[in-house]
Amino acid sequence: MFAIVSRLLLPVLLFCLLPFCSAQGGTTSFAIATICNSSVGISYNLVSLSKSFPYELNPDEQPYAFKANLEIFNAGKEDLKGWEVFIGYVNKEILVSAGGALLSDGSSFPVNASEGVTLTSSATLKTGIETANDFSQMGVVLELKGTEFGKNESSLPNNITLVDPNFQCSKPILSVKGALFYPYIIFNFLFLFSLLCF
């Protein structure tokens with residue numbers, strides 16, 4: 001019974017806390033977040049979206065340039081090595097750059113990401129135990145740039161998840177409008193409640 005209540009409280013908690021965790025005071029934004037094995041948190045935060053050239057008469061063909069942050073944070077007991085993250089894009093996106101991350105299939109940017117894309121890195125995300133809770137070693141923020149087509153309500157992917165059979169990730173939770181997602185605060189609450197949900 002308590003686990004069921006916890007599942008209901010998690011999105012409510014996110015909804016209530018996100019406005020207080022704005023990284024840039026009131027900047028309009030959308031974000032989704034997920035947690036994997038109660039130890040690894042992932043968020044995708046849309047930072048900006050602007051109409052791009054060429055201007056098209058057909059709104060469905062109009063390109064929009066976007067910037068987003070993909071944030072990964074390790075709060076577990078084991079290092080996260082050689083991770084891969086799948087981003088389930090749905091708005092005919094073309095990903096132009098990924099802040100130093102590579103495409104898992106070895107292809108180069110820009111890439112057609114309309115059916116999703118998997119990013120990878122050789123960087124190791126260490127634990128709080130071995131770093132004395134040094135967030136700079138426990139997490140990473142990747143600055144993504146790309147183009148999507150059509151005026152979309154949120155311009156978010158429908159899924160973000162670790163590509164690892166040893167990890168089970170929750171269904172992504174959509175944040176409220178009007179706050180930038182700041183994972184290192186929110187993940188503390190996600191981990192607490194996820195212990196009751198999995």
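Just above sits the structure.
Residues numbered from 1 in each chain as written. Predicted model: local features only at pLDDT ≥ 70, side-chain atom pairs only at ≥ 80, totals over all residues. Heavy atoms only, no water.

Draft legend 1. A look at the sheet that holds strand β10 (residues 160-162). Spatial strand order, β6-β8-β4-β10: four strands in an open sheet with antiparallel pairing. For this open sheet the edge positions go to β6 (102-103) and β10, each flanked by a neighbour on one side alone. Note: strand β4 (residues 84-87) against strand β8 (residues 117-120), four bridges, orientation antiparallel. By the bridge assignment, Ile 87 is partnered in β8 with Val 117. (Pairing = 2+ DSSP bridges. Helix = DSSP H or I, 4+ residues; strand = E, 2+ residues; numbered from the N terminus.)

Draft legend 2. Here's a closer look at the state of the cysteines. Scanning the entire structure with this criterion turns up one disulfide. What pairs with Cys 36 in a disulfide is Cys 169, and their sulfur atoms sit 2.0 Å apart. Of note, the bridge from Cys 36 to Cys 169 carries an S-S torsion of about 100° and is right-handed in sense. Of this pair, Cys 36 sits in strand β1 (residues 30-36) while Cys 169 sits in the loop between β10 and β11 (173-174), and the two are 133 residues apart along the sequence. (Disulfide = S-S within 2.5 Å.)

Draft legend 3. Inspection of the side chain of Ser 155 at higher detail. Tracing the chain through its elements places Ser 155 in the loop between β9 (139-149) and β10. Within the structure, Ser 155 has its side chain in polar contact with the side chain of Glu 148 (distance 2.8 Å). Once residues within four sequence positions are removed from consideration, Ser 155 is found in contact with Leu 46, Leu 49, Asn 91 and Glu 148. (Polar contact = N/O pair within 3.5 Å; in protein donor to acceptor, adjacent residues only side chain to side chain. Contact = heavy atoms within 4.5 Å.)

Draft legend 4. Quick look at the packing of aromatic side chains. Going through the model one piece at a time under the given rule, you end up with four aromatic pairs. Taken together, a centroid distance of 4.6 Å and an interplanar angle of 25° make the contact between Phe 53 and Tyr 55 stacked. Its relative accessible area of 64% is what places Phe 53 among the exposed residues. Aromatic side chains Phe 73 and Phe 135 sit 5.3 Å apart centroid to centroid with 80° between the ring planes, which places their arrangement in the edge-to-face category. Taken together, the positions of Phe 73 in strand β3 (residues 63-74) and Phe 135 in helix α3 (residues 135-138) put the pair 62 residues apart, joining distant regions of the chain. Here Phe 135 falls in the partly exposed class, since its relative accessible area comes to 31%. (Phe/Tyr/Trp six-rings, centres within 6.5 Å; stacked < 30°, edge-to-face > 60°. Buried < 20%, exposed > 50% of the residue type's maximum accessible area, 1.4 Å probe, protein only.)

Draft legend 5. Broad picture of the pairing of β4. Because side chains alternate across β4, one face comprises the buried residues Val 85 and Ile 87, and the other comprises Glu 84 and Phe 86, none of which is buried. One ladder, built from three bridges, connects β4 with β10; its direction is antiparallel. Directly across from Val 85, in β10, lies its bridge partner Leu 162.

Draft legend 6. Up close: the nonpolar core. Formed by 31 residues in total, the largest nonpolar core has its most connected members in Tyr 44, Ile 87, Leu 119 and Leu 144. Elements supplying a minimum of two residues to this core: β1, β2 (40-51), β3, β4, β5 (94-98), β8, β9 and β10. Contact partners of Leu 144, with chain neighbours within four places excluded, come to Tyr 44, Phe 66, Lys 67, Ala 68, Leu 70, Ile 87, Tyr 89, Leu 95, Ser 97, Ala 98 and Leu 119. (Core = buried A, V, L, I, M, F, W, Y, C linked by side-chain atoms within 4.5 Å.)

On their own, these measurements won't tell you what the molecule is for.
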